[in-house]
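Results of the structural survey
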Amino acid sequence: MSKLDPKTARRLTVRAALGVLYFVVAVILFLTGRGHTILVDNKADPAGSYPALKGAVVSIGRAKPMEFYPGDRDKFIVKGQRHVLRVKPLAPGAQERTVEFRVPLGEDMTLVSISKLMAGVEPWYETFTAPTAQERAAERAAADAENPVETFGSFGP
Amino acid sequence: MSKTIDVRKILADNLVVVIFLVITAFAVPVSGLSAQFIIQELLTRIGRNAFLVFSLLLPIMAGMGINFGMVLGAMAGEIGLIVAVDWGILGVNGLALAALVGMPVAVLLGWLAGEVLNRARGREMVTGYILGFFMDGVYQLIVLYMMGSIIPIRSPAITLSRGYGIRNTLGLDSVRQSLDTLLAVRVGPYVLPMATYVVIGLLCLFILWFRRTKLGQDMRAIGQDQGVSHSAGIAVERTRIIAIVISTVLAMIGQIIFLQNMGNMATYNAHKQTGFFAAAALLVGGASVSKATIPNVFIGVVLLHLMYIVMPRAGAQLFGQAQIGEFFRDALSYAAIAMALVIYAWRKRANADKARAGLRGGEAAGGAK
Amino acid sequence: MNTLKQAVTDFGWPRIIIFLFVVALFIGAPFVNVRVDSSFTDVFNRFGQNAVLVLALVPMVQAGCGLNFGLPVGIIAGLLGSTLAMEFGLVGWAGFLGAIALALPFAVAFGFAYGFLLNKVKGEEMTIAMYVGFSIVTFFAILWLLLPYSSPNMVWGYAGRGLRTTITLEGYWGRILNDFLALRIGENFQFPTGMILFVVLLTVLMGFFLRSKTGTAMTAVGSNPDFARAGGVSADRMRLTSVVLSTVIGAVGILVYQQSFGFIQIYNAPLFMAFPAVAALLIGGASVNKASMLNVIVGTFLFQSILTMTPSVINSVLQTDMSEVIRILISNGMILYALTRKTKVTK
């Protein structure tokens, strides 16, 4: 291999460094800016193994705290993956609970159940897949196929 | 005696500005809009548009006229935003990432535009304009047919129901006004998007600095005379390409700033008027096709947008039809561009005639183009 | 072999690609169940509809004023002609010919002003022409709202004033040229004889004009201004003549277009009408400073064939509607190609 003259070598180094910098900045922006929707719900177990909280103030990170009453579900939109979840039951004397948790990078929506969390049921969070418009349409179509709408003048086997 | 000639010259130099000022000064009171409303609108619109207008400065400096090909940069910015929204990157991070994604696209497109314009010397403006149309077709091909089929798109929410292609309107909720609200300062009844202003201020500094660099000097030299620059050892074609590349990249960032303020993106139309607005603003601000300064940008943005704010209302008050005001402002903006181009061409020809007359007179007036 | 190569270079590879594309469209059409005969009907209709607008570009190209992106100046004159003729209640042939007669004075006046301006801005004609066109279209948009038109077929019903966005020519002179001596062959093919004859007439007249003394002087000004000046030809006068002529034919062109289309479109509709005409002329083999009658005919035919055939053929092949993208790429790609070709005149 022939030796590069110092000027070309320097230029190459600078360019390579800029290229690396570009990717590093992009990755950092990506990781810290990645948005996640965290659905918080306060529902009792249908089987009755744990109850819903009578009322609680929930906050995630620096987001504005929200109040949850039994059966409530609401969402927080957060940036980044590591978050601190704080649940403060409204009942007097009840203990506040603070947990740190991590959302996987690829996950768009996470469902956190504060009733499970406070009752100590693991896992208290799970991946949530929102039905897309197409899926909903497909569901509707399937439902329609099961109970066809009877229209006037439709004859068929 | 010499003083009167000066006044006439100043008037002639700023004919477009003067006409615009007179018409707007007449329309503002007619519109009946409150000063507070108008000022707040202007403060917002300066943040929204100034960056885009700035992207036109360098090609003018390099003697390439108004870079109507800046819409290529706008398209690159839109592609960046589509990616940022699709990946779900929020806030300022999303904008920055959109700019980073748009950067290579803008550089590539700018380089392409520069190559094309180098082959169309003397008619850069019309070529740039048509290039914008052409690339709009390529943009549609990519965004409407390839995204979601060849280029992977994660979010079904932004694709058309047929499974590929981006929707006609892209909601930018995840990044909406994130730059404007990053550092919103209240002054009296007004809200100033300071972070946006800081970005624009940095750009001004960049342009001031750039003019002093070797490259900037070369660009100005080329703007003066390509032949002389070439014999002085300046790589004319390369420098012209660089001017267009920088312009395209700036337009890319400008479009991202513009769209974050709007909060919605008309995927297939957002860039169509970008070049027209930027050119109109700059020329209304007193710039010519061969000379444009930073004050021109600000004066132009304020004047043009003042007219855009008040004209529909003024039309409604005067004729009972807001539409007349809308047509009128469009006509006036187009006419402003036409007039500025005419004045420029007129003067260029007058100078050339003078130079030729000088040659005929036997004087050693070299460099008649 | 060398001459073939030369011919290919002269003609330009984009034109060859476009030509082959059109041939492929016509060959492929029957295989995807597109009827060739009805397609041809459409192609002939659209050819006649657009050919005069394309023809209007020729004088200015020949006189060295470049591609007339300011064609809307002529179109506006034509719109004035047709709206006035309707206002006066002219129908049938009287309507169509009356529209032309009413449009002419406007076209000549506009053409003079426009040509005078272009003479002042030599070297920058195309960009300025484009913005002059945009300006006049938007300025007239105001006038369409304000001018005292009163015919109930043209003005908005509820306001009683201001012209509608599209005005139907039904009952006036819609399709009057198309249906004149129209030839019907089979069930799906109709040949718009009258319109094609009209186009041929204008083309032949233009051909004769360009061979006349004035015409050759005009061409001389465009191809070799110094030589023309030495021959005692006033470049400015020739250029002015070409612009007036272009504007007048543009006015007639839009009238032919309207009668075939069946509607008068006003407000912003003429804004971008120059671009497809320019693209058609260039596809036909014209360059920025040279155009012939053959270029007009071939170009319009090829371009309109593409516009007619791509929606049906390409869509059935690819199962998506890509015709719009194809139209944008072909027309603007062609203009771009012509603008970036090194012209022999420039140093």
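Residues numbered from 1 in each chain as written. Chains lettered and ligands numbered in written order. Predicted model: local features only at pLDDT ≥ 70, side-chain atom pairs only at ≥ 80, totals over all residues. Heavy atoms only, no water.

1. Brief notes about the overall build of chain C
So the rule is basically this: Secondary structure elements are taken from DSSP: a helix is a run of H or I of four residues or more, a strand is a run of E of two residues or more, and numbering for both begins at the N terminus. Put simply, the radius of gyration uses C-alpha atoms, and a globule should come to 2.2 Å times the residue count raised to 0.38. Burial here depends on accessible area, computed with a 1.4 Å probe over protein chains only, as a share of the maximum for the residue type. Under 20% is buried, over 50% is exposed, and the range in between is partly exposed.
Helices and strands together make up the secondary structure of chain C, namely 15 helices and 4 strands. Over its C-alpha trace chain C gives a radius of gyration of 20 Å, about what one expects of a compact globule, namely 20 Å for 347 residues. Along the longest, intermediate and shortest principal axes, the C-alpha atoms of chain C span 65 × 55 × 35 Å. Here chain C, with 347 residues, has 55% of them falling under the buried criterion.

2. Overview of the packing of helix α5 (residues 72-87) of chain C against helix α12 (residues 235-261) of chain C
Residue and element names in this part refer to chain C. Rules: To get an axis, a line is fitted to the C-alpha atoms, and for a helix only the part in contact is used. The angle between two axes follows their N-to-C directions and goes from 0 to 180 degrees. By definition in this entry, angles of less than 35 degrees are roughly parallel, angles greater than 145 are roughly antiparallel, angles of 65 to 115 are roughly perpendicular, and the rest are oblique. Take the far helix as your reference; a near helix turned counterclockwise from it by less than a right angle gives a left-handed crossing, and one turned clockwise gives a right-handed crossing. Any two residues having at least one pair of non-hydrogen atoms within 4.5 Å are treated as being in contact. Under the convention adopted here, Pro, Cys and the residues Ala, Val, Leu, Ile, Met, Phe, Trp and Tyr are nonpolar, Asp, Glu, Lys and Arg are charged, and Gly plus all remaining residues are polar.
One way to put it is that α5 packs onto α12 with a least axis distance of 7 Å and a crossing angle of 55°. Looking at the two axes, α5 sits oblique to α12. As α5 packs across α12, the resulting crossing turns out to be right-handed. In this structure, α5 contributes V73, G74, I75, A77, G78, L79 and S82 to the contact, and α12 contributes T247, G250, A251, I254, L255 and Q258. Classifying every residue of the contact of α5 with α12 by side-chain character gives 7 nonpolar, 6 polar and no charged.

3. Details of the interface of chain B and chain A
Note the following rule: Joining two parts hides part of their accessible area as seen by a 1.4 Å probe, and the buried area is that hidden amount summed over both. Within this document, salt bridges are pairs made up of a side-chain nitrogen of Lys or Arg and a carboxyl oxygen of Asp or Glu, the two lying within 4 Å of each other. Here a polar contact means two N or O atoms within 3.5 Å. Within protein one must be a hydrogen donor candidate and the other an acceptor candidate, and residues neighboring in sequence count only if both atoms are side-chain atoms.
Contact residues are listed per partner, giving 16 residues for chain B and 16 residues for chain A. Taking both partners together, chain B and chain A bury about 1,200 Å²; carbon and sulfur atoms supply 61% of that area. By the criterion of area lost to chain A, the three top residues of chain B are L90, N93 and L100 of chain B, representing 42% of everything that side buries. Here chain B and chain A share 1 salt bridge between them. For R154 of chain B, the salt bridge is made with D108 of chain A, and the minimal N-O distance between the two is 3.1 Å. The interface formed by chain B and chain A contains 7 residue pairs in polar contact (both at pLDDT 80 or more). The element that contributes the greatest number of residues to the side of chain B that touches chain A is helix α6 (residues 91-118) of chain B, accounting for 7 residues. Residues that form the side of chain B that touches chain A fall into these classes: 10 nonpolar, 5 polar and 1 charged.

4. Brief notes about α12 of chain C
All names here are of chain C. How we decide: Residue count minus one, scaled by 1.5 Å, sets the expected span of a helix.
The end-to-end C-alpha separation of α12 is 38 Å, in line with the 39 Å expected for 27 residues at 1.5 Å each. Counting buried residues in α12 gives 21 out of 27 residues, a clear majority hidden from the surface. Phi turns positive one or two residues past the end of α12, at G262, with a value near 95°.

5. Details of the confidence of the model for chain C
To keep things clear, this is the line we draw: By definition, pLDDT measures how confident the predictor is in each residue, and it falls between 0 and 100.
Chain-level statistics for chain C give a pLDDT mean of 88 and a share of 98% at 70 or above. Put simply, helix α1 (residues 2-11) of chain C is where chain C has its lowest mean pLDDT, 72, and α5 of chain C is where it has its highest, 94.

6. Description of the sheet that holds strand β8 (residues 125-127) of chain A
All names here are of chain A. Put simply, the rule reads: In this scheme, strands are said to pair when DSSP sees at least two bridges between them.
The 4 strands lie next to each other as β4-β1-β7-β8, forming an open sheet whose pairing is mixed. Every other strand in the sheet has two partners, leaving β4 (73-79) and β8 as the edge strands with one partner each. For this sheet, the mean inter-axis angle between neighbouring strands, taken without regard to orientation, is 25°. Where strand β1 (residues 35-41) lies against β4, 7 bridges are found, and the strand directions are antiparallel. Paired with H36 across the two strands is V78, which belongs to β4.

7. Focus on the packing of helix α13 (residues 274-283) of chain C against helix α14 (residues 293-318) of chain C
Residues and elements named next belong to chain C. α14 packs onto α13 with a crossing angle of 115° between their chain directions and a minimal axis gap of 7 Å. Considering the angle they form, α13 stands roughly perpendicular to α14. The handedness of the crossing between α13 and α14 is right-handed. Listed contacts from α14 to P276, A279, A280, L281 and I283 of α13 are N295, V296, G299, T300, L302 and F303. Here the residues of the contact of α13 with α14 sort into 8 nonpolar, 3 polar and no charged.

8. Things to note about the environment of Q190 of chain C
Residues and elements named next belong to chain C. With respect to the helices and strands, Q190 occurs in strand β3 (residues 189-191). Sequence-wise, Q190 and D37 are 153 residues apart; in three dimensions their C-alpha atoms are separated by 8.6 Å. Beyond its immediate stretch of four places on either side in the chain, Q190 contacts T41, A182, L183 and R184.

9. A look at the packing of aromatic side chains
Going by this rule: Pairing of aromatic rings covers Phe, Tyr and Trp, the last counted by its six-membered ring, and requires centre-to-centre distances within 6.5 Å; plane angles under 30 degrees mean stacked, over 60 mean edge-to-face, and any other angle means tilted.
A full pass over the atoms with the stated rule returns 43 aromatic pairs over all chains. Considering the side-chain rings of W93 of chain C and F180 of chain C, the 5.5 Å spacing of their centres and the 85° angle between planes classify their relative orientation as edge-to-face. Of the two residues, W93 of chain C is situated in helix α6 (residues 92-120) and F180 of chain C in the loop between α8 (176-179) and β2 (183-185); the sequence distance between them amounts to 87 residues. Where Y131 of chain C meets F134 of chain C, the ring centres are 5.4 Å apart and the plane angle is 90°; that geometry is what we call edge-to-face. Linking Y131 of chain C with F134 of chain C, this pair stays in helix α7 (residues 125-146), spanning 3 residues, or about one helical turn. In terms of burial, Y131 of chain C and F134 of chain C fall into one category: buried. Taken together, the ring pairs connect F68, Y129, F133, F276, F277, Y308 and Y334 of chain B together with F69, Y131, F134, F272 and F275 of chain C into an aromatic cluster.

10. Remarks on the pattern of salt bridges
One pass over the structure, following the stated rule, counts 19 salt bridges over all chains. Between R240 of chain B and E124 of chain B there is a salt bridge, and its shortest N-O distance comes to 2.8 Å. Of this pair, R240 of chain B sits in helix α12 (residues 236-262) while E124 of chain B is found in helix α7 (residues 124-146), placing the two residues 116 residues apart along the sequence. Like E124 of chain B, R240 of chain B is buried. A single salt-bridge network, built from bridges that share partners, covers R34 and D108 of chain A together with R154 of chain B.

11. With respect to the interface of chain B and chain C
On the chain C side, the residues contacting the 41 residues of chain B number 46 residues. In total, chain B and chain C occlude about 3,900 Å² of area from one another, counting both sides; carbon and sulfur atoms represent 72% of this. Of all residues in chain B, the largest losses of buried area upon contact with chain C belong to R123, F327 and Y334 of chain B, amounting jointly to 17% of the total for that side. Our count for the chain B to chain C interface comes out at 3 residue pairs in polar contact (both at pLDDT 80 or more). Broken down by secondary-structure element, the contributors of at least two residues to the side of chain B that touches chain C are α7 and α15 (322-360) of chain B. Tallying contributions element by element places α15 of chain B first for the side of chain B that touches chain C, with 18 residues. Of the residues in the side of chain B that touches chain C, the class split is 28 nonpolar, 6 polar and 7 charged.

12. Looking at the environment of G77 of chain B
All names here are of chain B. In this structure, G77 sits in helix α5 (residues 71-87). Look at G77 and you get buried, because its relative accessible area is 0%. For the pair G77 and L144, spaced 67 residues apart in sequence, the C-alpha to C-alpha distance is 16 Å. What G77 contacts, discounting residues up to four positions off in sequence, is M252 and I256.

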